[in-house]
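Now for the letters of each chain:
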Amino acid sequence: MQTEKHLTGTLVLSVFTAVLGFFQYGYSLGVINAPQKVIEAHYGRVLGIVSPDKYATNASGEDGTFLQAGTEGTLPAPTDISEDLATSPHILTMYWSLSVSVFAIGGMVSSFTVGWIGDRLGRVKAMLVVNVLSIAGNLLMGLAKFGPSHILIISGRAVTGLYCGLSSGLVPMYVSEVSPTALRGALGTLHQLAIVTGILFSQILGLDFLLGNDEMWPLLLGLSGVAALLQFFLLLLCPESPRYLYIKLGKVEEAKKNLKRLRGNCDPMKEIEEMEKEKQEAASEKKVSIRQLFTSSKYRQAVIVALMVQISQQFSGINAIFYYSTNIFERAGVDQPVYATIGVGVVNTVFTVISVFLVEKAGRRSLFLAGLMGMLVSAVAMTVGLVLLSQFAWMSYVSMVAIFLFVIFFEVGPGPIPWFIVAELFSQGPRPAAIAVAGFCNWACNFIVGMCFQYIADLCGPYVFAIFAGLLLIFFLFAHFKVPETKGKSFEEIAAVFRRKKLSAKAMTELQDLRRSEEA
């Protein structure tokens, strides 16, 4: 009953509007894969390295094809071009790889400015301003056919990446600050739901008979600009974060007014008292820079946890699963593997919705651990299925089941939890710097996986998922011993958990030193 009182129309509007930024992030991640062949063919024509009739716009893996790094499809190689143009596939590969990876580079660059722009402009105004980047980037891609398409797409992806890097820090910051403690985890899970919904939309719209064809692909690439425009106008209706107003600006009455808008008829004084405590501590510790975040022993454990949950999300192997899924479905005899891949996207979305309800009941830590262990078992099953596929045809079905289970367990914990747990681990002072560092780490890992996975897969073959199984075991052990439970706890209570761990570790060290001195 208390939860229902907290869930007001203004809170729903504010959270929905904010996570539209993550919808754009998911859409941008997924949209570039579907029209790969038609865009590469267009690149070839624009650059003059392949004549217009040399590339089919709707072909797939036959003899003489070559595979693009980090993608699911193949593209026919030119057959009767002159020897001096024989390197054209490599040129197209370079431009295509840059078109894909420049998005993550933009995210890495902008993630470090999240704290500054969030504190300087406020959470809502900052999200308003950075939306201009999204609109501009999508316009560049949408107009790609009217100029040098490779330059416009790469530029548009870079600008959109800048937006997503800023948005992926500002959105969790805002959502965690406007959410009541009882709903903070459930509402924080909506970040991941928005991402997978964006990916699913891009997969569906990217089908050949919709927008993934030679005529409509610029519209497909630029379509998330609609979400940017919607978010821009809805943000005008959203209240500024009460925590930001009270703690950063000292506007007590305005903070109370916004808190009443967000909470309805609930008494705001309990939260105001919590903010006052946080404000006093923030005042005593002053502003925390990124450098201080790493050099101060006060934040060290929390920073390590924040970075490791981001690393575990990106290095879990989830992107590899999506890269391999179409190929495995083809081997299993599925007539239309692209629809089976969309089926994986649907499962992805459904279980993200389920995790919204699970996260406040089971807790962050237990779900994170369960998700990692489930992914570990699925990765082992995937490896066995791929290794024995040539000997037993039915092993392809083992691989198919493993794909779906891997995705399900990812959405139970490692998918959604890293997006909001970082904001829960830090108080107002170090939070902006911590979110910036965690965001950079996530984007950097994203870039590494995107650039290196195909090379590792070529080197290791079917054993590539054994590497992810090993990494998942490491992540599980770390989470078991180091990640605290943040469910239903205030920022002060979470900070106290780290202080106790630090004191217990210090006491253990002192005890060991005492024993050594006695033995000596």
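Residues numbered from 1 in each chain as written. Predicted model: local features only at pLDDT ≥ 70, side-chain atom pairs only at ≥ 80, totals over all residues. Heavy atoms only, no water.

- In the nomenclature of an unreviewed UniProt entry, the protein corresponds to Solute carrier family 2, facilitated glucose transporter member 2 from the organism Serinus canaria.
- Taken verbatim from the UniProt record of the protein, the Sequence similarities (unreviewed entry) comment is "Belongs to the major facilitator superfamily. Sugar transporter (TC 2.A.1.1) family. Glucose transporter subfamily." (UniProt positions renumbered as here; feature names shortened; annotations may be inferred.)

### Looking at the nonpolar core
For step 1, the next point in the chain: Counting 100 residues, the largest nonpolar core has Tyr25, Leu293, Val422, Phe426, Phe465 and Leu472 as its most contacted members.
For step 2, the next point in the chain: Element by element, the count of residues in this core is highest for helix H21 (residues 431-460), at 12 residues.
For step 3, the next point in the chain: When sequence neighbours within four positions are dropped, the list of residues in contact with Val422 reads Ala306, Val309, Gln310, Ala434, Ile435 and Ala438.
For step 4, the next point in the chain: In terms of nonpolar packing, the next biggest core, distinct from the first, is built from 17 residues, Val31, Ile32, Leu92 and Leu211 among them. (Core = buried A, V, L, I, M, F, W, Y, C linked by side-chain atoms within 4.5 Å. Buried < 20%, exposed > 50% of the residue type's maximum accessible area, 1.4 Å probe, protein only. Helix = DSSP H or I, 4+ residues; strand = E, 2+ residues; numbered from the N terminus. Contact = heavy atoms within 4.5 Å.)

### A look at the packing of helix H2 (residues 9-31) against helix H12 (residues 252-263)
For step 1, the next point in the chain: The geometry of H2 relative to H12 is characterised by a closest axis approach of 5 Å and an angle of 95° between their N-to-C directions. With respect to H12, the axis of H2 lies roughly perpendicular. Residues Thr10, Leu11 and Ser14 of H2 touch H12, and the partners they reach there are Arg261, Leu262 and Arg263.
For step 2, the next point in the chain: When grouped by side-chain class, the residues that make up the contact of H2 with H12 number two nonpolar, two polar and two charged. (Axes fitted to C-alpha atoms, helices over the stretch in contact; angles between N-to-C directions. Parallel < 35°, antiparallel > 145°, perpendicular 65-115°, else oblique. Nonpolar A, V, L, I, M, F, W, Y, C, P; charged D, E, K, R; others polar.)

### What to know about the packing of aromatic side chains
For step 1, the next point in the chain: Across all of its chains, the model carries 10 aromatic pairs by this definition.
For step 2, the next point in the chain: Centre to centre, the rings of Phe392 and Trp394 are 5.8 Å apart; their planes meet at 45°, and the pair counts as tilted.
For step 3, the next point in the chain: A network of ring pairs unites the aromatic residues Phe22, Tyr25, Phe103 and Trp443 as a single cluster. (Phe/Tyr/Trp six-rings, centres within 6.5 Å; stacked < 30°, edge-to-face > 60°.)

### Things to note about helix H19 (residues 395-412)
For step 1, the next point in the chain: Helix length check: H19 (18 residues) gives 26 Å between terminal C-alpha atoms against 26 Å at 1.5 Å per residue, within 8%.
For step 2, the next point in the chain: Among the residues of H19, those classed as buried are Met395, Ser396, Ser399, Met400, Ala402, Ile403, Phe406, Val407, Ile408, Phe410, Glu411 and Val412. (Expected span 1.5 Å × (residues − 1).)

### Considerations on the state of the cysteines
For step 1, the next point in the chain: Across all of its chains, the model carries zero disulfides by this definition.
For step 2, the next point in the chain: Cys441 provides the cysteine sulfur closest to Cys445, a residue in no disulfide bond, and the two sulfurs are 4.2 Å apart.
For step 3, the next point in the chain: A relative accessible area of 6% means that Cys445 is categorised as buried. (Disulfide = S-S within 2.5 Å.)

### As for a nonpolar patch on the surface
For step 1, the next point in the chain: A cluster of nonpolar side chains, Ile204, Phe209, Leu210, Val338 and Tyr339, forms an exposed patch at the surface whose accessible area comes to about 450 Å².
For step 2, the next point in the chain: Considering the arrangement of structural elements, one finds Ile204 in helix H8 (residues 184-205). (Patch = residues over 30% accessible without salt bridge, like charges linked within 9 Å, V, L, I, M, F, W, Y side chains within 5 Å. Areas by Shrake-Rupley, 256 points an atom, 1.4 Å probe, with all protein chains shown as cover. Salt bridge = Lys/Arg side-chain N within 4 Å of Asp/Glu carboxyl O.)

### Let's talk about the side chain of Ser241
For step 1, the next point in the chain: Relative to the elements of secondary structure, Ser241 occurs in the loop between helix H10 (224-235) and helix H11 (242-248).
For step 2, the next point in the chain: Accessibility expressed as a relative area gives 0% for Ser241, which makes it buried.
For step 3, the next point in the chain: Of the polar contacts made by the side chain of Ser241, one reaches the side chain of Glu177; its length is 2.7 Å.
For step 4, the next point in the chain: Residue contacts for Ser241: discarding those within four places in its chain leaves Arg123, Tyr174, Glu177 and Val178. (Polar contact = N/O pair within 3.5 Å; in protein donor to acceptor, adjacent residues only side chain to side chain.)

### Observations concerning the environment of Leu367
For step 1, the next point in the chain: For Leu367, the location among the structural elements is in helix H18 (residues 364-387).
For step 2, the next point in the chain: Under the relative-accessibility criterion, Leu367 is labelled buried at 7%.
For step 3, the next point in the chain: The sequence separation of Leu367 and Phe410 amounts to 43 residues, and the corresponding C-alpha distance is 9.9 Å.
For step 4, the next point in the chain: What Leu367 contacts, discounting residues up to four positions off in sequence, is Leu358, Val359, Ala362, Val412, Gly413 and Ile417.

### Considerations on the pattern of salt bridges
For step 1, the next point in the chain: Within the structure shown, the criterion is met by five salt bridges.
For step 2, the next point in the chain: The salt bridge involving Asp119 is made with Arg123; its shortest N-O contact spans 3.0 Å. Neither Asp119 nor Arg123 differs from the other in exposure class; each is buried.
For step 3, the next point in the chain: A salt bridge links Arg243 to Glu274; its shortest N-O distance comes to 3.3 Å. Highlighted residues: Arg243 in helix H11 and Glu274 in helix H13 (residues 269-285), separated in sequence by 31 residues. Taken individually, Arg243 and Glu274 each receive the classification buried, so the pair is uniform in this respect.
For step 4, the next point in the chain: Residues joined in a network through salt bridges with shared partners are Asp119, Arg123, Glu177 and Lys248.

### Brief notes about the environment of Gly317
For step 1, the next point in the chain: Among the structural elements, Gly317 can be located in the loop between helix H15 (297-314) and helix H16 (318-331).
For step 2, the next point in the chain: With 152 residues separating them along the chain, Gly317 and Ala469 place their C-alpha atoms 8.5 Å apart.
For step 3, the next point in the chain: Ignoring any residue separated from it by four or fewer positions in sequence, one finds Gly317 in contact with Phe406 and Phe468.

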